[in-house]
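What follows is each chain in one-letter form.
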Amino acid sequence: MLVGSARALPRLSAVHVVRNRTGAAFAGTRGLVLLDGRVGEGGGQTVRTALTLSVVTGKPFRIEHIRANRVVGGLGEQHLTCVRASEQVGSKTLEFYPRDPIAGKYEFSVSTAGSAVLVCQTVLPALMCLDRPSLLTFRGGTHNPMAPTFDFLQNSYLPMLRLLGPQCQALLQRPGFFPAGGGRFHVRLKPTPKENLKFLELVDRGKVLRKEVVCLFAGHGFRYAQDQVRELTEALDWREVGVYLDEWESNSPGMVLTASIVSENVTECFTSLAKPRKVHMSSQVATLCKRIREYLASDGLVSEYLADQMLLPMALGRGGEFTCTQITPHLRTQMYVIEKFIPVEFATEKLEDKSAWSVLVSI
């Protein structure tokens, strides 16, 4: 099997989907890293992290009970474009045999509105220490519920990756909303040798420099977008704030509100997607405001979402330390999977004098 579409990383890996077998112990598992998809948050994150680590370390793995804690378990296209073949969707067991990653120009496509951003976050760490640059194109959903949006990738995740050493830039060409998808973005990656990756010590977000609210929309009226932004800024009582209305064409109508808090040492993005047209976003705005207030009231450098996404790049580098607002099942799941592949130790501690947790990554 190929990783990604027919054009994506054609020599990266081989995949074997196992059906009608149960139990971790059976002939052929010797040498495999064995993973239980029921551990921790029990979603697609276990598979995505294992794929990255397998390619980087050269260790094959077998995972059973894939996405066992989801209403619809098994492999889904939105999680596994990089191991996708039509007969694999819904499979609950996967064996993956990696080959050496090769830098270059590649295209990854999710045929549904599933998250292309999650595919990007699976691929980038595997390419960030190779010998030459890569130019990557991703197609599919760019703004999805229950997944990081392109705005989060561009303004929060990639800046953290750049602090390690690799230089990466992303460009949105077309947003993709549910149900049609069809979004497209590019990522240009200039890698850094592993020995030159930096130890990260990020414990204080620093002074808040500015606040921004962006409404990206397609197929909705300009006035409707203005109303959503006004409701959010008034609810937060943000009087000095940069406001941007960004209208696009897309295969499906959609709207996403992104509130960004730009501090000296981190940019945190909080997003909310609109319901169908002409349905007001009051409930989503209220939830978004709650998350933002909780973050501002804490002392953590990053929110819970960026926290679990920082672990893998740091573990593949020289380690580091950061603070976050809370320790989540997603974060614990990342630790569980990473420790299966590489010799790394994680330590978490609730800081007594601050409203935050400390996370230490020791190599």
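Presented here is a report on the structure given in the accompanying data block.

What counts and what doesn't
- Residues numbered from 1 in each chain as written.
- Predicted model: local features only at pLDDT ≥ 70, side-chain atom pairs only at ≥ 80, totals over all residues.
- Heavy atoms only, no water.
- 1 Å grid on protein atoms, 1.4 Å probe; cavity = no way out; pocket = protein on both sides within 12 Å on 5 of 7 lines; lining within 4 Å.
- Points joined across faces, edges and corners; volume = space filled by probe spheres on them.
- Nonpolar A, V, L, I, M, F, W, Y, C, P; charged D, E, K, R; others polar.
- Pairing = 2+ DSSP bridges.
- Helix = DSSP H or I, 4+ residues; strand = E, 2+ residues; numbered from the N terminus.
- Axes fitted to C-alpha atoms, helices over the stretch in contact; angles between N-to-C directions.
- Contact = heavy atoms within 4.5 Å.
- Expected span 1.5 Å × (residues − 1).
- Buried < 20%, exposed > 50% of the residue type's maximum accessible area, 1.4 Å probe, protein only.
- Polar contact = N/O pair within 3.5 Å; in protein donor to acceptor, adjacent residues only side chain to side chain.
- Salt bridge = Lys/Arg side-chain N within 4 Å of Asp/Glu carboxyl O.
- Parallel < 35°, antiparallel > 145°, perpendicular 65-115°, else oblique.
- Left-handed = near helix turned anticlockwise from the far one by under 90°.
- Core = buried A, V, L, I, M, F, W, Y, C linked by side-chain atoms within 4.5 Å.

### So, empty space enclosed by the protein
In total, this model carries three cavities of 30 Å³ or more according to the counting rule given. Taken as a whole, the second largest cavity encloses approximately 60 Å³ of empty space. Split by residue class, the lining of the second largest cavity holds eight nonpolar, one polar and no charged.

### Section: the sheet that holds strand S13 (residues 267-273)
If you trace the four strands from one edge of the open sheet to the other, you get S11-S10-S12-S13, paired in mixed fashion. In the strand order of this sheet, the two ends are held by strand S11 (242-247) and S13, each with one partner. Direction aside, neighbouring strands of the sheet carry axes that sit 15° apart on average. With ten bridges connecting them, strand S10 (residues 208-218) and strand S12 (residues 254-263) associate as antiparallel partners. In the sheet register, Cys 215 faces S12, and the bridge partner there is Leu 257. Sheet contacts for helix H3 (residues 150-164): S12 and S13; angle to S13, the most-contacted strand, approximately 175°.

### Observations regarding helix H2 (residues 116-127)
Along its twelve residues, H2 runs 17 Å from first to last C-alpha, staying within 8% of the 16 Å computed at 1.5 Å per residue. Most of H2 is tucked away: twelve of the twelve residues are buried. Among the residues of H2, those classed as buried are Ala 116, Val 117, Leu 118, Val 119, Cys 120, Gln 121, Thr 122, Val 123, Leu 124, Pro 125, Ala 126 and Leu 127. Buried residues along H2 sit against helix H1 (45-57), strand S5 (105-109), strand S6 (134-140), H3, strand S8 (183-190) and helix H6 (304-316). Backbone nitrogen of Val 117 and a side-chain oxygen of the N-cap are separated by 3.3 Å at the start of H2; the cap is Ser 115.

### As for the pattern of salt bridges
A complete count under the given rule lists eight salt bridges for this structure. With a closest N to O distance of 3.0 Å, Arg 139 and Glu 107 form a salt bridge. Taken together, the positions of Arg 139 in strand S6 and Glu 107 in strand S5 put the pair 32 residues apart, joining distant regions of the chain. For Arg 139, a relative accessible area of 29% puts it in the partly exposed group.

### Concerning the pairing of strand S2 (residues 33-36)
The two faces of S2 differ: Val 33 and Leu 35 on one face are buried, but Leu 34 and Asp 36 on the other face are not. Pairing of S2 with strand S3 (residues 61-64), which is carried by four bridges, proceeds in the parallel orientation. Paired with Leu 35 across the bridge in S3 is Ile 63.

### What to know about the layout of surface pockets
Of the voids in this model, the second largest pocket is the one considered here, and its volume is about 320 Å³. Lining the second largest pocket are 20 residues, with Val 56, Thr 57, Lys 194, Leu 316 and Ile 342 positioned closest to its centre. Elements with a minimum of two residues in the lining of the second largest pocket: H1, H2 and H6. Among the elements that line the lining of the second largest pocket, the one with the most residues is H1, at three residues.

### Section: the packing of H2 against H3
The N-to-C vectors of H2 and H3 enclose an angle of 15°; their axes lie 11 Å apart at closest approach. Taken as axis vectors, H2 and H3 run roughly parallel relative to one another. Of the two elements, H2 crosses H3, and the hand of that crossing is right-handed. In this structure, H2 contributes Val 117, Cys 120, Gln 121, Leu 124 and Pro 125 to the contact, and H3 contributes Phe 150, Phe 152, Leu 153, Tyr 157, Leu 158 and Leu 161. Residue classes in the contact of H2 with H3 are distributed as ten nonpolar, one polar and no charged.

### Remarks on the nonpolar core
Membership of the largest hydrophobic core comes to 94 residues, with the highest contact counts inside it found for Phe 61, Phe 185, Val 302 and Phe 322. For Phe 61, the residues in contact, after removing those within four places along its chain, are Leu 32, Val 33, Leu 35, Ala 50, Leu 51, Ser 54, Leu 94, Glu 95, Phe 96 and Phe 341.

### Details of unusual backbone geometry
Of the consecutive residues Phe 178 and Pro 179, the connecting peptide bond is found in the cis state with omega at 10°. As for its placement among the helices and strands, Pro 179 is situated in the loop between strand S7 (167-174) and S8. Phi is positive for Asp 237, which is not a glycine, with a value near 55°. Mapped onto the elements, Asp 237 comes out in the loop between helix H4 (222-236) and S11. For Asp 237, a relative accessible area of 47% corresponds to the partly exposed category.

Keep in mind these numbers describe shape, not what the thing actually does.
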